[in-house]
Amino acid sequence: MRSSLRLDAVLVQAVIAGALSFSHLHDLAQAAGQSGWKAWAYPVSVDLLLVASWHRLRTLRNTDAPRQAAWIWFTVALAASLGANVATAGLLDLADVPDWLRILVAGWPALAFLGGTLLAHSPVPTPKQDEPAPVPDEAHEEELDQPGRPAPVRDLPVPPEPAQPEPEAIAPATAAPALPAVPSVPPALIAHARKLADSHQAATGHAIDRDTLCSRLGVPAPMADAIAAQLA
């Protein structure tokens, strides 16, 4: 209730101040030789230039564009309104207006037209945009857990290539054949492969095979066999 009463009081005050300023501008224009509808057009022109410049300042608030022009026209319109209020307060004889004031009043339409045109047709710059926040790791893991979604290889640790054994001298006929080296698998890759295997099991009803592991993880066949052995 208090906020409503305060808002109403502000609106009433704004209406009273606007009406008084409008009347002072009309009286000054009429005293300067502008009669009939022309005297009523002057306060409308001053108030419109004041509103247009203030709107331009608010538009440029979140940009890096210069605001000097908008401030200049706002000051010109404010000086015209304030000058009319002071001039009609008894400091100026409205029955004998000086020639310089008649010149200012007569030249005001061209000045207001120039200011309003520049403010209305100036390009509006694009507001500054904040940089997008990085995606959290948890959300990224949830995307990887979706069934049927291939996991990007760039987000996985690249497993080391199995070392190729150097050629050795011919072993005696009685020596036992050397067993192929089992590539080591990082724990993070095993954990991610287990998630893929669970998703594949839930989607197809079958356990994931070596070829699917190769294509989903982007690893060679020996590494896929080692991963499948640990998933079994």
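Structural notes, computed from the coordinates. Please read these numbers as outputs of a predicted model, since none were measured by experiment.

### Quick word on the overall build of the protein
Each helix and strand counted, the protein has eight helices and zero strands in total. Moving toward the C terminus, one meets the helices and strands of the protein in the order α-α-α-α-α-α-α-α. Put simply, the protein has 232 residues, and 25% of those count as buried. In the protein, of all internal contacts separated by at least 6 residues, the share reaching a separation of at least 24 is 69%. Summed over all atoms, the accessible surface of the protein reaches about 16400 Å², with 63% contributed by carbon and sulfur.

### Thoughts on the packing of aromatic side chains
Across all of its chains, the model carries three aromatic pairs by this definition. An angle of 40° between the planes, with centres 5.9 Å apart, marks the rings of tryptophan 54 and phenylalanine 74 as tilted. Of this pair, tryptophan 54 sits in helix α2 (residues 37-59) while phenylalanine 74 sits in helix α3 (residues 68-91), and the two are 20 residues apart along the sequence. Between the aromatic rings of tryptophan 71 and phenylalanine 74, the centroid separation amounts to 5.9 Å while the plane-to-plane angle is 90°, which identifies the pairing as edge-to-face. Of this pair, tryptophan 71 and phenylalanine 74 both sit in helix α3, three residues apart, which is roughly one turn of that helix. Exposure remark for phenylalanine 74: the relative accessible area of 17% places this residue in the buried category. Joined through ring pairs, the aromatic side chains of Trp54, Trp71 and Phe74 make up one cluster.

### Side note on a nonpolar patch on the surface
There is a patch of nonpolar side chains on the surface, built from Val12, Ile16 and Leu20 and spanning about 270 Å² of accessible area. Within the fold, isoleucine 16 resides in helix α1 (residues 2-31).

### Here's the deal with the nonpolar core
Membership of the largest hydrophobic core comes to 21 residues, with the highest contact counts inside it found for Leu49, Val105 and Trp108. Breaking this core down by element, the ones donating at least two residues are α1, α2, α3 and α4 (99-121). Not counting the four nearest positions on each side in its chain, leucine 49 is found in contact with Trp73, Ala77, Trp108, Ala112, Gly115, Gly116 and Leu119. Within the second largest apolar cluster, 16 residues are counted, among which are Ala197, Leu213, Cys214 and Ala224.

Conventions adopted
Residues numbered from 1 in each chain as written. Predicted model: local features only at pLDDT ≥ 70, side-chain atom pairs only at ≥ 80, totals over all residues. Heavy atoms only, no water. Helix = DSSP H or I, 4+ residues; strand = E, 2+ residues; numbered from the N terminus. Buried < 20%, exposed > 50% of the residue type's maximum accessible area, 1.4 Å probe, protein only. Contact = heavy atoms within 4.5 Å. Areas by Shrake-Rupley, 256 points an atom, 1.4 Å probe, with all protein chains shown as cover. Phe/Tyr/Trp six-rings, centres within 6.5 Å; stacked < 30°, edge-to-face > 60°. Patch = residues over 30% accessible without salt bridge, like charges linked within 9 Å, V, L, I, M, F, W, Y side chains within 5 Å. Salt bridge = Lys/Arg side-chain N within 4 Å of Asp/Glu carboxyl O. Core = buried A, V, L, I, M, F, W, Y, C linked by side-chain atoms within 4.5 Å.

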